[in-house]
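Here is how the chains run, residue by residue.
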Amino acid sequence: MDLPPFELERWLDEYEPNADLMLAESGVRSLPADRFDLDVGELGYVIPTDGDPQFRADIAERYDRSADEVVLTCGTQEADFLTFMALLEEGDHAVVVSPTYQSLKSVPESVGSVTEVRTEPPAWDLSVDAVADAMRAETRLVVLTNPSNPTGKYLGPETMRALYDLAADNDAYLLVDEVYRMLADDPHPPAAALGPRAISAAGVSKSYGLAGARLGWVVAHPELADEVRKWKDYTTISPPMLGQHIAKQALGEQEDEILRENRAHAKANRDRVAEFVDDYDLDWFEPVGVNAFPTVPEGFDSGKEFCRSVYDAESVTLAPGEVFGYPDRFRLGFGLHTEELEDGLERIGRHIDAVRGE
Ligand SMILES: Cc1ncc(COP(=O)(O)O)c(C=O)c1O
């Protein structure tokens with residue numbers, strides 16, 4: 001495997017640690033640990049190492065699947081990674097819908113080859129025909145995030161059914177990273193409920209505000225889930241004991257309250273971002289989730305130039321569109337606390353005004 005640097009992570013490494021405000025985080029603001037019972041008794045491995053069977057059964061029910069089709073992982077990142085390892089060999093091919101979170105493209109590309117199917121503004125619609133055109137005899141996987149990071153586009157059930165049929169008809173799989181799905185007000189059925197050739201990867205980081213719990217999962221048909229388990233033995237062995245304990249509460253007795261709060265928070269902040277993009281004449285797509293992907297304001301040449309100058313002048317971190325392959329855009333994560341968002345938008349606005357001489 002020859003993995004390229006993870007461009008977003010490298011960017012954040014440089015521009016996040018000393019910034020006053022972070023408007024490049026893709027998830028909803030983190031919940032305090034004291035909201036949960038944290039007493040797990042002894043801090044050992046989770047046994048069995050693919051996760052508590054009852055918890056896996058509870059998660060499986062959400063996908064119309066059974067407990068043996070669920071493997072708990074250290075976050076969605078590991079869920080995606082293990083799925084690629086389980087499915088792909090040298091010579092295999094994947095079709096990846098872009099823009100996307102880099103690992104969903106870089107990891108399959110490092111094992112086999114990838115054809116990117118780009119979606120475009122303003123609506124970021126996905127052409128199923130374009131995906132069909134990109135398929136080859138050796139295509140094993142069609143990969144996407146839904147809702148998308150970074151665009152916030154949420155593809156509906158008809159498109160997902162068409163993608164599933166296309167993958168299944170070609171003896172391929174559909175892998176959907178659904179880590180932002182529960183931020184939708186009325187989430188569509190998850191991908192894995194479409195049938196045995198669909199795989200869902202998800203976790204509690206982004207929609208629940210629990211990135212530090214490091215708890216994710218893969219839902220896949222039993223033989224594929226076994227292959228994922230096999231790979232997991234070589235990475236993190238078991239999911240985190242504490243993360244599993246917190247996730248049980250977040251998906252259990254606390255779920256309604258957490259999702260109600262997080263969706264209301266996302267909506268309030270989205271409305272505030274809508275005012276900002278309107279005030280500064282930016283083009284954007286009103287997203288599901290807490291990521292906006294607007295155009296770079298007039299007066300700046302590229303995403304990187306804009307984000308660097310906002311950082312230098314106002315100590316606010318943004319993510320440039322270049323790291324997603326769209327240099328005329330930037331990603332603004334608006335899941336943070338509303339007062340911080342207000343402060344950040346005010347600073348960004350002040351800087352744009354200053355550069356424009358207004
Ligand atoms: C689409 C997508 N998948 C996975 C991750 C990582 O999630 P986790 O913290 O659950 O590993 C991210 C983080 O930004 C993401 O955007």
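Definitions and cut-offs
- Residues numbered from 1 in each chain as written.
- Predicted model: local features only at pLDDT ≥ 70, side-chain atom pairs only at ≥ 80, totals over all residues.
- Heavy atoms only, no water.
- Axes fitted to C-alpha atoms, helices over the stretch in contact; angles between N-to-C directions.
- Helix = DSSP H or I, 4+ residues; strand = E, 2+ residues; numbered from the N terminus.
- Parallel < 35°, antiparallel > 145°, perpendicular 65-115°, else oblique.
- Contact = heavy atoms within 4.5 Å.
- Nonpolar A, V, L, I, M, F, W, Y, C, P; charged D, E, K, R; others polar.
- Domains from an automatic or database assignment.
- Buried area = accessible area lost by both parts, 1.4 Å probe.
- Buried < 20%, exposed > 50% of the residue type's maximum accessible area, 1.4 Å probe, protein only.
- Arc of directions from axis to C-beta.

1. Section: the packing of helix α3 (residues 75-87) against helix α7 (residues 222-232)
Two numbers describe how α3 lies on α7: the axes approach to 8 Å, and their chain directions differ by 110°. As summarised for this structure, α3 and α7 are arranged roughly perpendicular, according to the angle between their axes. Residue-level inspection shows E78, L82, T83, M85, A86 and L87 of α3 in contact with α7, the latter providing L224, E227, V228, W231 and K232. Of the residues in the contact of α3 with α7, the class split is seven nonpolar, one polar and three charged.

2. Some remarks on the domain arrangement of the protein chain
On domain assignment, one finds that the protein chain holds domain 1 (7-29 + 256-352) and domain 2 (39-253). Its C-alpha centre places domain 1 at a distance of 25 Å from the equivalent point of domain 2. Facing the 25 residues of domain 1 at the interface are 30 residues of domain 2. In total, domain 1 and domain 2 occlude about 2300 Å² of area from one another, counting both sides; carbon and sulfur atoms represent 56% of this. By the criterion of area lost to domain 2, the three top residues of domain 1 are R263, F285 and Y326, representing 29% of everything that side buries.

3. Section: helix α1 (residues 7-15)
Within α1, burial applies to L8, W11, L12 and Y15. The buried residues of α1 occupy an angular sector of 95° when projected down its axis, which confines them to one face. Lining the buried residues of α1 we find β1 (21-22), α10 (303-314), β10 (316-317), β11 (319-320) and β12 (330-333).

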